[in-house]
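The primary structure of each chain is shown beneath.
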Amino acid sequence: LRLPDQPRTLWVDAICIDQSNIAERSQQVRLMKDIYSACTRDLIWLGKGFDGISKLNKTEQGIACLRKMKSLEVQRMPDRGVKAFNKKSTKDLGIHPSDVWSIKAIISYPRLWERVWVMQEIACCPEAVLVIGNHSMPWSVLSSILDHSGIPDRYHLTFGHGNFEDNVWYAFAKTQVIEHQRDIVKGQSPLHSTLVDVLSRFRATFSTDPRDKIYGLLGLATDGLDIVPDYNKSVREVYIDVAIAHINSTGNLDLITQSLWPLGDKDPRKLYGYISE
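This structure is a prediction, so every number in the text was calculated from the model and none was measured.

When its secondary structure is counted, the chain shows 14 helices and three strands. Per-residue burial for the chain yields a buried fraction of 47% across its 277 residues. Of the contacts formed within the chain by residues at least 6 apart in sequence, a portion of 70% connects residues at least 24 apart. Surface accessibility of the chain: about 14,700 Å² in total, with carbon and sulfur atoms responsible for 52%.

In C-alpha cells:
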C-alpha cells in the first residue's frame, strides 16, 4: 500500500484502535461512519492476488474483464435480468465462461466481502479502490456495471427475483448490495434504511465479535433507535436491546412473531445465494 515516490498516511482500524481497550473501542466505533466519510479514499485490500495459480495472470484477467464490462451500461438495458446481462456480456463483449472465475476471484471469493465492518466502510467512503497485490482498480468500474434500482430491504434480497444459477451477473451479488447502500448514503436513492433493513441487507456478513453485527452496521441505519455501542454489554444484552428498541419504535411484535430470516445451523451464505450447495 505504500506509494513509490511519496509518503502516505493510512488509517487502519485494527492497528489505530486499541482493540484491548473496551472504553476506547466503544468510543471509536461511534466515530466510524465519520472517519470513513471523511477519508480521501478507501483502499480495499483483497490480498496478494492470484497470479501464480495458472499460466494466466488471473488478477489481470479479472480486472481486464471488469473494465471491458464497464461499457455494458446496465441502466440502459431494457432487460436487466440475469439472462439478458449474461447474453450481452458474453456475446457483445466476448466474456468467455472461463473468465467468470477470474471475475469471481476479485469480487466474490475473497473473504473480505463477508466482513461486516467492510460494508459500512465502502458504503460511506467518497472514493474506493480495490487493491490486489500490485494491481488496483477503482470502485467506479464496478459501479458502472452494477444495477442502481431495486434496493434490497428486509423483504427483498439482491437479485431477489432472479435466477440463482452460476453465471456472470450472479458473481456481482456481494458488491451489488454494497453499491445499493452507497446509493442510499449518497442520497441517490430516496429509500430510508431502518436498522432492520440494514441488518437484512447485510445478513450474510460475519464478524469476529457477534456484537459487531449490530455495531458495525449501526452507522448505516436512518433510525438508529438510540442504540449506543457498549462493549461492556454481553452479546445477549446487545441483541435484546435491539429487539426491544425496534418493538418500541414500531409498536408491533413482527420482529419476533414473523421471523424474516430462516433459523437453524445452515450456513447463511448458502441460504442467501453467496455460495452454492
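On to the sheet that holds strand 2 (residues 128–132), then. Taken together, the three strands give an open sheet; going across it, the order is 1-2-3, and neighbouring strands pair in mixed fashion. At either end of the open sheet lies a strand with only one pairing partner, and these are strand 1 (42–45) and strand 3 (135–138). Adjacent strand axes in the sheet meet at a mean angle of 25° when their direction is disregarded. Direction of pairing for strand 2 relative to strand 3: antiparallel, over a ladder of four bridges. Note that in strand 3 the partner of Val-131 across the bridge is Ser-136. Seen against the sheet, helix 4 (residues 58–69) touches strand 2 and strand 3 and runs at an angle of roughly 20° to strand 3.

In this structure, Leu-66, Met-69, Leu-130 and Phe-172 are the most contacted members of the largest nonpolar core, which totals 62 residues. At seven residues, helix 7 (residues 116–124) tops the list of elements feeding residues into this core. Excluding anything up to four places from it in sequence, Met-69 contacts Phe-85, Ser-89, Leu-93, Ile-95, Ile-103, Ile-145, Val-168 and Phe-172.

As a further point, take the packing of aromatic side chains. Evaluation of the coordinates by the stated rule reveals three aromatic pairs. Between the aromatic rings of Tyr-215 and Tyr-231, the centroid separation amounts to 5.2 Å while the plane-to-plane angle is 80°, which identifies the pairing as edge-to-face. A residue pair is termed long-range when its members are at least 10 positions apart, and Tyr-215 in helix 11 (residues 212–215) and Tyr-231 in the loop between helix 11 and helix 12 (235–250) qualify at 16 residues. Each member of the pair, Tyr-215 as well as Tyr-231, carries the same accessibility label: buried. Sitting over the ring of Tyr-231, Arg-25 keeps its end group 4.1 Å from the ring centre.

One pass over the structure, following the stated rule, counts seven salt bridges. As a salt-bridge pair, Arg-211 and Asp-209 come within 2.8 Å of each other at their nearest N and O atoms. Using a relative accessible area of 13% as the deciding quantity, one classes Arg-211 as buried. For Asp-209, a relative accessible area of 12% gives the class buried. A salt bridge links Asp-241 to Lys-233; its shortest N-O distance comes to 2.7 Å. Classification of Asp-241 by relative accessible area gives partly exposed; the value is 31%. For Lys-233, a relative accessible area of 29% gives the class partly exposed. Several salt bridges share partner residues, and in doing so they unite Arg-25, Asp-209 and Arg-211 into one network.

Quick look at helix 4 now. Taking 1.5 Å per residue, twelve residues should reach 16 Å; helix 4 reaches 16 Å between its end C-alpha atoms and fits that length. Looking at the buried positions of helix 4, the neighbouring elements they touch are helix 5 (82–91), helix 6 (99–107), strand 2, strand 3 and helix 8 (139–145).

Per-residue confidence for the chain gives a mean pLDDT of 82; residues scoring 70 or more make up 82%. Across residues 271–277, confidence stays below pLDDT 50; counting only partners more than four residues off in sequence or on other chains, it has 20 contacts.

Only one face of strand 3 is covered, namely the face carrying His-135 and Met-137; the face carrying Ser-136 and Pro-138 is uncovered. In textbook terms, the turn of a hairpin is the stretch between consecutive antiparallel strands, and for strand 2 and strand 3 this stretch comprises two residues, one of which, Gly-133, has a positive phi near 60°.

Here we come to the packing of helix 7 against helix 9 (residues 173–185). At a closest axis distance of 8 Å, the pairing of helix 7 and helix 9 adopts a crossing angle of 50°. With respect to each other, helix 7 and helix 9 are oriented oblique. Along this stretch, helix 7 crosses helix 9, giving a crossing that reads as right-handed. Residues Met-119, Ile-122, Ala-123 and Cys-124 of helix 7 form the contact with helix 9, whose own contacting residues are Ile-178, Gln-181, Arg-182 and Val-185. A class-by-class count of the residues in the contact of helix 7 with helix 9 yields six nonpolar, one polar and one charged.

Our next topic: the environment of Asn-248. Relative to the helices and strands, Asn-248 resides in helix 12. Assessed through its relative accessible area of 60%, Asn-248 is described here as exposed.

Reading the values: rules and limits
Residues numbered from 1 in each chain as written. Predicted model: local features only at pLDDT ≥ 70, side-chain atom pairs only at ≥ 80, totals over all residues. Heavy atoms only, no water. Helix = DSSP H or I, 4+ residues; strand = E, 2+ residues; numbered from the N terminus. Buried < 20%, exposed > 50% of the residue type's maximum accessible area, 1.4 Å probe, protein only. Contact = heavy atoms within 4.5 Å. Areas by Shrake-Rupley, 256 points an atom, 1.4 Å probe, with all protein chains shown as cover. Pairing = 2+ DSSP bridges. Axes fitted to C-alpha atoms, helices over the stretch in contact; angles between N-to-C directions. Core = buried A, V, L, I, M, F, W, Y, C linked by side-chain atoms within 4.5 Å. Phe/Tyr/Trp six-rings, centres within 6.5 Å; stacked < 30°, edge-to-face > 60°. Lys NZ or Arg CZ within 6 Å of the ring centre and 35° of its normal. Salt bridge = Lys/Arg side-chain N within 4 Å of Asp/Glu carboxyl O. Expected span 1.5 Å × (residues − 1). pLDDT = per-residue confidence, 0-100. Parallel < 35°, antiparallel > 145°, perpendicular 65-115°, else oblique. Left-handed = near helix turned anticlockwise from the far one by under 90°. Nonpolar A, V, L, I, M, F, W, Y, C, P; charged D, E, K, R; others polar.

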